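# Observations on chain architecture
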Amino acid sequence: MSKVRTRFAPSPTGFMHLGGLRTALYAYLYAKANGGDFILRVEDTDQQRYVEGAVELIYSSLLESGLKYDEGPDIGGNYGPYIQSERKHIYGEYAKKLVELGGAYYCFCTKERLESLTDENGNRKYDKHCLKLPKEEVERRIANGEPYVIRQNIPTEGTSSYEDLIYGRIDVDYKELEDNILIKSDGMPTYNFANVIDDHLMGITHVIRGTEYLSSTPKYNLMYDAFGWERPVYIHLPTIMKDATRKLSKRYGDANFDDFVSKGYLKEAIINYVALLGWAPKENVEKMTLEEMVKLFSLDGISKSPSIFDEVKLRWLNGEYIRALSEDEFYQVARPFLEKSKVNGLFDLKTIAKLLHSRVEVLGEIPEKIDWLAELTPYDLALFDNKKNKTSAEVAKELLPKIRQVVEGIDEFVNDKIFATLSEKATEFGVKSGAIFWVLRIAITGQGVTPGGATEIASLLGKEETLKRIDFTLSLLG
Ligand code: GLU
């Protein structure tokens, strides 16, 4: 059997949508699991949609997520160029050949004529008008410089079948298909044509892409057959849904790789989560490195039904990845977010990182989790209410001055010391030690939930600031 060759063929839209990333990942995994090559091809034939920097974004997103391609526009290879706009002459040549083979024809219809074909429901299907033009007329009109397109000649009757490795046998009636344009009037190919020519010339053995292409694949097969080329193996992937009714869409800009990175998801976690959108390894593991995925990947684990993008699960997985980092690694990834927070410049960021490490799922939450460290502002006194510790604002009003006195007397102001000294006072104050720590924590943070306990935070703030905050709270309590 020939070497497996898969490809990822994105259009440079300016985003790396997670759906696209999943296609790339599965194409990568399939190639690597089978000792094959993974190729990147940039499909930029729609020049009107050119977006500055979009191609570079494709390279960087793939490389950052670990999907190292064996051939591609920026690294070359034996089957280049790998960028479609540089292959224009190739498509022209093959389109001509296809016309000669009867699989395509020149069409000179004007926009007005095409519009006149629209029926009362707004649908339009090309009527093969130009298929009937005599050869001499076609040649004369081309020589006269008349604008033309090249259309695919789809049979008017019959059914086309093929076997998809995920969806099984697919039958499509030719009647449902249209004589789509293969070469536009500017000489550029459409996707419908370029994908066939490129997949063949680049030796692609397995075409892996979204289900939206499932029903247009018969058109491509007609071309493979007309040229006498072997059809590739097809693997169409289930849709990714945002919820039960809506697709996760690149148009709405939701779910782009970069957005998730900037929200504070780790690249390893994103790629791991994306792998699970439509595939479950037999062993039922969920947390996997890319190398582990290569070992476990198999097509039987790919489901036919749409998968739902679940950010809660992604968060959970991200938390797992965060906790698996060393202290220093965590500091490195957390740093940009710590620097964005109000504590920057006021506290030692490494110390804060330690406090946060086991307590964040997404790095983007860091500022909101610690901004209060920079400044205590008026807060809701109902935060003192706690059943277990039997505390309330009333209790706090009574207890806090006593706590203040103890705190003031502690010389060595470190966590253990503050903790031990305050714990000892519980009996004397006639409360559980939990009550002391609850009241103190609220009094110095104004937060219901904090990373770190009362005394840990107090030691971080220092004695002077702790006392200042206690006084501020006392003034709030009245
Ligand atoms: N350029 C197409 C897209 O972005 C690629 C489809 C394919 O993989 O054949 O959807």
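Per chain, the residues get numbers from 1 upward, laid out in the order the sequence is written. Selection of residues for local features in this predicted model requires a pLDDT of at least 70, selection of side-chain atom pairs for listing and counting requires 80 or more, and totals for whole chains, interfaces and linings are taken over all residues. With hydrogens and water excluded, all non-hydrogen atoms of the structure serve as input to the side-chain values.

## Here's the deal with the sheet that holds strand β3 (residues 104-107)
Here, a strand pair is defined by DSSP locating no fewer than two bridges between the strands. Every helix listed is a DSSP run of H or I at least four residues long, and every strand listed is a run of E at least two residues long, numbered separately from the N terminus. Overall, antiparallel pairing links the three strands, which are arranged β3-β4-β7 in an open sheet. Looking at which strands have only one partner, the edges of the open sheet turn out to be β3 and β7 (181-183). In this sheet, neighbouring strand axes are inclined to one another by 45° on average, regardless of whether the strands run parallel or antiparallel. As paired strands, strand β4 (residues 149-152) and β7 are joined by two bridges and run antiparallel to one another. Looking across to β7, one finds that R151 is bridged to I181. Angles run from 0 to 180 degrees between N-to-C directions of axes, and those axes are lines fitted to C-alpha atoms, restricted for helices to the stretch in contact.

## Some points on the site of the ligand
The near set for a molecule or strand comprises every residue that places at least one heavy atom within 4 Å of it. With respect to spatial proximity, the complete set of residues near the ligand consists of R7, A9, S11, E43, Y191, R209 and Y213. Between R209 and the ligand, the recorded distance is 3.2 Å, taken from a side-chain N or O atom to an oxygen atom. Within the contact set of the ligand, an oxygen atom lies 2.7 Å away from a side-chain nitrogen or oxygen of Y213. All accessibility values rest on the Shrake-Rupley procedure with a 1.4 Å probe; residue burial counts only the protein chains present in the view. When the free accessible area of the ligand is taken as 300 Å², the share hidden by the protein chains comes to 85%. Under the convention adopted here, Pro, Cys and the residues Ala, Val, Leu, Ile, Met, Phe, Trp and Tyr are nonpolar, Asp, Glu, Lys and Arg are charged, and Gly plus all remaining residues are polar. Grouping the constituent residues of the shell around the ligand by class yields three nonpolar, one polar and three charged. Within 3.5 Å is the distance limit for a polar contact, defined as a pair of N or O atoms, with the added protein rule that one can donate a hydrogen and the other accept it, and that residues adjacent in sequence qualify only through two side-chain atoms.

## Here's the deal with the environment of P306
Along the chain, the position of P306 falls in the loop between α10 (290-296) and β11 (307-308). Sequence spacing of P306 and I240 is 66 residues, and the spatial spacing of their C-alpha atoms is 5.6 Å. Whether two residues touch is decided by their heavy atoms; if any such pair falls within 4.5 Å, the residues are in contact. Residue contacts for P306: discarding those within four places in its chain leaves P238, T239 and M241.

## Observations regarding helix α11 (residues 311-323)
With 13 residues, α11 extends 18 Å between its outermost C-alpha atoms, agreeing within 8% with the 18 Å of an ideal straight helix rising 1.5 Å per residue. Against α8 (257-263), α9 (267-275) and α12 (327-340) lie the buried residues of α11. Between a side-chain oxygen at the N-terminus of α11 and the backbone nitrogen of V312 the separation is 3.0 Å; the capping residue is D310. One less than the residue count of a helix, multiplied by 1.5 Å, gives the span that helix is expected to have.

## Focus on the packing of aromatic side chains
The criterion for an aromatic pair is that two Phe, Tyr or Trp rings (for Trp, the six-membered ring) have centres within 6.5 Å, with stacked assigned to planes under 30 degrees apart, edge-to-face to planes over 60 apart and tilted to the rest. In this structure the tally under the stated criterion is 17 aromatic pairs. Plain terms: the ring middles of Y94 and F227 are 5.8 Å apart, the flat faces sit at 80° to each other, and that makes the pair edge-to-face. With Y94 in helix α3 (residues 88-100) and F227 in helix α7 (residues 217-227), this pair connects stretches of sequence that are 133 residues apart. Comparing Y94 with F227, the two get one shared label, buried. Relative accessibility decides the category of a residue: with a 1.4 Å probe and only protein chains considered, values under 20% of the type maximum give buried, values over 50% give exposed, and everything between is partly exposed.

## Re the nonpolar core
To qualify as a nonpolar core, a set must consist of buried Ala, Val, Leu, Ile, Met, Phe, Trp, Tyr and Cys residues joined through side-chain atoms within 4.5 Å. Counting residues in each nonpolar core, the largest one holds 148 residues, and the members touching the most others are L21, L25, L62, L67, F193, L338 and I366. It is helix α1 (residues 18-33) that contributes the most residues to this core, ten residues altogether. In contact with L338, other than residues within four places in its own chain, are Y331, V343, N344, L349, I352, A353, L356, I366 and I370.

## Looking at the pairing of strand β5 (residues 159-164)
Only one face of β5 is buried, namely the one carrying S160, Y162 and D164, since none of T159, S161 and E163 on the opposite face is buried. As defined by bridge partners, β5 adjoins strand β6 (residues 168-173) across six bridges and the pair is classed as antiparallel. By the bridge assignment, D164 is partnered in β6 with G168. Hairpin geometry of β5 and β6 is characterised by an intervening segment of three residues between the two adjacent antiparallel strands.

## What about the side chain of N221?
Inspection of the secondary structure puts N221 in helix α7. On the basis of relative accessibility, which here comes to 0%, the residue N221 falls in the buried class. Here N221 is in contact with Y162, R231 and Y234, once residues within four sequence places are set aside.

## Some words on unusual backbone geometry
In the segment running from G80 into P81, the intervening peptide bond is cis, with an omega of -5°. Here P81 shows up in the loop between α2 (54-64) and α3. For N284, which is not glycine, the phi dihedral falls at a positive 65°. In this structure, N284 sits in the loop between α9 and α10. Judged by its relative accessible area of 62%, N284 is exposed. For K390, which is not a glycine, the phi torsion comes out positive at approximately 55°.

## Here's the deal with the pattern of salt bridges
We count a salt bridge whenever a side-chain nitrogen from Lys or Arg sits within 4 Å of a carboxyl oxygen from Asp or Glu. Counted according to the given criterion, the structure contains 32 salt bridges. As a salt-bridge pair, K3 and D37 come within 3.3 Å of each other at their nearest N and O atoms. Separated by 34 residues along the polypeptide, K3 in the segment before β1 (5-8) and D37 in strand β2 (residues 37-40) bring together distant segments of the chain. With a relative accessible area of 48%, K3 lands in the partly exposed category. Salt-bridge contacts for E146 lead to R141; the nearest nitrogen and oxygen are separated by 2.8 Å. Where salt bridges share partners, they join R7, R41, E43, R87, D198 and D199 into one cluster.

## Side note on α1
Here α1 is 16 residues long and its end C-alpha atoms lie 22 Å apart, about the 22 Å a rise of 1.5 Å per residue gives. Of all 16 residues that make up α1, 14 are buried, and the element is covered over most of its length. A positive phi of about 65° marks G35, the residue just after α1.

## Focus on the packing of α9 against α11
Packed helix pairs are specified by the crossing angle of their axes together with the interaxial distance, meaning the distance between the axes. Contact geometry of α9 with α11 gives a least axis separation of 9 Å together with a crossing angle of 135°. The angle between the axes of α9 and α11 places the two elements in the oblique class. When you trace α9 past α11, the crossing you get is right-handed. On the side of α9, the interface is formed by E268, A269, I270, N272 and Y273, while α11 contributes K313, L314, L317, N318 and Y321. Of the residues in the contact of α9 with α11, the class split is six nonpolar, two polar and two charged. When an angle is under 35 degrees it counts as roughly parallel; over 145 it counts as roughly antiparallel; between 65 and 115 it counts as roughly perpendicular; any other value is oblique. Left-handed describes a crossing whose near helix is turned anticlockwise from the far helix by less than a right angle; the clockwise case is right-handed.

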